[in-house]
Amino acid sequence: MLIRRPPDISPSEITPRSVYVRRREFLSGAVGAGLATALGARIEAAPLQSARSTLSTDETPTSFKDATSYNNFYEFGPSKSDPATYAHSLTTTPWTVAIDGLVAKPANYRLEDLMRPFALEERMYRMRCVEGWSMVIPWVGFPLSDVLKRAEPLGGAKYVAFESLVRPEEMPGQRGLFQLLDWPYVEGLRLDEAMHPLTILAVGFYGETLPDQNGAPLRLVVPWKYGFKGIKSIVRISLVEKQPATSWNRQSPREYGFYSNVNPTVDHPRWSQATERRIGEGGLFAKRRATLMFNGYAEEVAGLYSAMNLRKFF
Amino acid sequence: MTALDKPFGAIAPRRRFPKLAVYVVGFAPAAWTIYLGLSDRLGPEPVRTLEQHLGLWALRFLLASLAVTPLRQIVGLDVLRHRRALGLLAFYYAMLHLLAYVGLDHRFDWRVVWTDIFRRPYVTVGMASFAILVPLAATSNNAMIRLLGGKTWSRLHRLVYFAVIAAALHFVLIVKSWPPEPLIYAGVAAVLLGYRLARRLSGDRTARNMAPMSRASEHRA
């Protein structure tokens with residue numbers, strides 16, 4: 001049974017970062033006029049306190065600008081600039097997440113309630129896109145396993161299914177004649193993958209709440225899998241018995257597998273996965289990097305797949 | 001009066017757009033993109049962006065060169081004298097696109113490039129398209145038209161139909177799912193080729209024989 005108590009500080013009381021950083025201007029009255037609408041409309045990026053996790057890489061993080069302007073989020077359109085252009089229309093407060101299926105304690109959580117029991121951690125992770133580029137992102141979040149344990153999975157639960165928001169009025173990619181994927185966007189993990197300490201639910205990055213184009217307010221991060229496994233703007237997490245459908249697999253089963261582990265030896269049917277481009281590294285004359293098995297997390301996760309043919313279960 | 005009824009070059013020479021200007025305007029996107037690339041303003045993935053811009057312009061010029069005949073026959077707009085420039089621009093852009101892919105993207109790692117050509121259909125068809133453009137570009141001058149003779153020359157240059165099919169397919173094959181942009185280009189290519197096929201099937205011998213011949217004869221003049 002979920003006991004609801006009011007949050008210590010409700011999100012609406014937090015001063016938006018954009019206002020906070022311009023507090024002198026605000027005091028001098030320069031932005032006074034625009035403020036009323038800004039406050040009324042939406043909670044903007046708010047600073048998040050978190051402790052640096054030892055699971056972090058010490059690689060140089062991608063610039064905030066690149067991480068927030070070069071995104072795949074097909075709900076807002078197919079171009080990588082579409083999310084940054086259109087995602088501001090997304091309303092992320094209030095936000096409710098259902099945790100259901102084969103659990104002893106199913107519940108609908110307000111996002112604040114879902115987060116409250118957990119200490120936020122900063123996880124600096126490599127992120128490898130199936131298209132052949134990569135970033136290093138300082139996520140802020142908490143282990144998915146904590147959330148699942150709280151819901152108490154039943155014996156029959158073997159997989160975790162995730163579902164993203166469907167809201168065509170705010171998501172232009174969900175409107176119109178040509179829609180590239182079936183909505184909602186769905187993803188899934190095997191239960192042991194979901195329970196792995198590297199798997200997190202992120203609510204922020206770069207020390208602040210997630211920008212809308214990066215999957216606000218809650219997204220999945222599984223650093224050893226291709227980026228599209230990291231479902232954004234999650235509204236439902238279900239524990240299920242059978243392997244759930246996943247969006248890209250449904251779109252093209254021979255190209256995108258359920259597992260989609262980063263693997264330089266298993267190419268995409270149309271392009272190589274042996275190398276990658278690190279975003280923001282060296283301009284026109286940058287050298288490609290060799291892609292690492294499990295995106296460099298082999299030591300931590302290879303054991304999950306020890307008996308599996310990774311070419312077959314790609 | 002339609003263009004077909006007119007003698008070639010019916011527009012007064014003094015008002016003609018100079019051929020050189022087509023090249024100057026045509027190379028502007030390349031110059032601009034390369035300039036942006038060198039000054040690190042091509043976004044988070046500059047190599048890919050540069051490749052894509054160059055490839056896209058190659059496809060655009062290829063389609064433009066194929067639009068010359070239908071424009072003349074349907075609208076009566078005669079830009080035949082610029083078709084060679086459009087075709088050559090397509091070739092130059094394709095060459096720059098290939099150079100960016102081999103040189104910048106793969107740093108002349110021929111093993112990787114070779115594997116790509118044989119293993120990745122999108123590269124295979126892209127290379128096929130370029131391979132077709134090479135002899136066409138090499139014969140896009142008056143001397144070669146004289147050497148080959150108009151008939152052989154125009155038959156050779158019909159290979160451009162295969163080049164544009166391969167180029168459009170190359171674009172469709174590199175994207176995830178079915179975003180509209182490559183499909184729009186493929187659609188334009190289909191219309192331009194479909195128009196020719198329709199003329200041929202409807203038995204219009206004028207379209208079949210006149211257009212390429214006229215071009216050869218103009219260059220000879």
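Structure: above.
What this report covers is the structure whose coordinates are included nearby.

Parameters and conventions
- Residues numbered from 1 in each chain as written.
- Chains lettered and ligands numbered in written order.
- Predicted model: local features only at pLDDT ≥ 70, side-chain atom pairs only at ≥ 80, totals over all residues.
- Helix = DSSP H or I, 4+ residues; strand = E, 2+ residues; numbered from the N terminus.
- Buried ≥ 20, exposed ≤ 12 C-beta atoms within 10 Å, placed from the backbone.
- Contact = placed C-beta atoms within 7 Å.
- Pairing = 2+ DSSP bridges.
- Axes fitted to C-alpha atoms, helices over the stretch in contact; angles between N-to-C directions.
- Core = buried A, V, L, I, M, F, W, Y, C linked by C-beta atoms within 7 Å.
- Parallel < 35°, antiparallel > 145°, perpendicular 65-115°, else oblique.
- Left-handed = near helix turned anticlockwise from the far one by under 90°.
- Nonpolar A, V, L, I, M, F, W, Y, C, P; charged D, E, K, R; others polar.

## Some words on the overall build of chain B
Working step 1: Counting its secondary structure elements, chain B contains 10 helices and zero strands.
Working step 2: Along chain B, from the amino end to the carboxyl end, the secondary structure elements read α-α-α-α-α-α-α-α-α-α.
Working step 3: Of all 221 residues assigned to chain B, the portion counted as buried reaches 32%.
Working step 4: A separation of at least 24 residues holds for 71% of the contacts in chain B among residues at least 6 apart in sequence.

## Digging into the sheet that holds strand β11 (residues 234-240) of chain A
As a general point, the strands of a sheet are linked pairwise by backbone hydrogen bonds and lie either parallel or antiparallel.
Residues and elements named next belong to chain A.
Working step 1: One open sheet holds the five strands; their spatial order is β3-β2-β11-β6-β7, and the pairing between them is mixed. The sheet terminates laterally at β3 (107-110) and β7 (186-190), the two strands that pair on one side only. Strand-to-strand twist across the sheet, computed as the mean angle between neighbouring axes with direction ignored, equals 15°.
Working step 2: Across six bridges, strand β6 (residues 159-164) lies against β11 in antiparallel orientation. Opposite Glu163, over in β11, you have Arg236 as the bridge partner.

## Here we look at the pairing of β6(A)
Residues and elements named next belong to chain A.
Working step 1: Taking burial as the measure, the six residues of β6 include six buried ones, the bulk of the element.
Working step 2: Side chains Tyr159, Ala161 and Glu163 project from β6 onto one buried face, and the interleaved Val160, Phe162 and Ser164 project onto a second face that is buried too.
Working step 3: In this structure, β6 lies alongside β7, joined through five bridges in antiparallel fashion. Of the residues in β7, the one forming a bridge with Val160 is Leu189.

## Describing the nonpolar core
Working step 1: One finds A:Val160 and A:Ala202 to be the most contacted residues of the largest nonpolar core, which totals 66 residues.
Working step 2: For this core, the element with the most residues is strand β5 (residues 133-143) of chain A, which contributes six residues.
Working step 3: Formed by 38 residues, the second largest nonpolar core is a distinct cluster that contains B:Leu136, B:Val160, B:Val164 and B:Ala168.

## Some words on unusual backbone geometry
Working step 1: The amide bond that connects A:Thr93 to the next residue, A:Pro94, takes the cis arrangement and shows omega of 0°.
Working step 2: With respect to the element layout, A:Pro94 can be found in the loop between α5 (82-86) and β2 (96-101).
Working step 3: One non-glycine residue with positive phi stands out, namely B:Asp40, at about 60°.
Working step 4: Tracing the sequence through the fold places B:Asp40 in the loop between α1 (19-38) and α2 (46-75).

## Observations regarding the packing of α1(B) against helix α3 (residues 83-105) of chain B
How two helices sit against one another is set out by the angle between their axes and by the gap between those axes.
Residue and element names in this part refer to chain B.
Working step 1: Axis separation between α1 and α3 bottoms out at 10 Å; the angle between their running directions is 25°. Here α3 runs roughly parallel to α1, going by the angle between their axes. Here the hand of the crossing between α1 and α3 comes out right-handed. In contact with Lys19, Val22, Tyr23, Gly26 and Ala30 of α1, α3 contributes Ala85, Leu89, Tyr93 and Leu96.
Working step 2: Residue composition of the contact of α1 with α3, by class: seven nonpolar, one polar and one charged.

In short, geometric facts, not functional conclusions.
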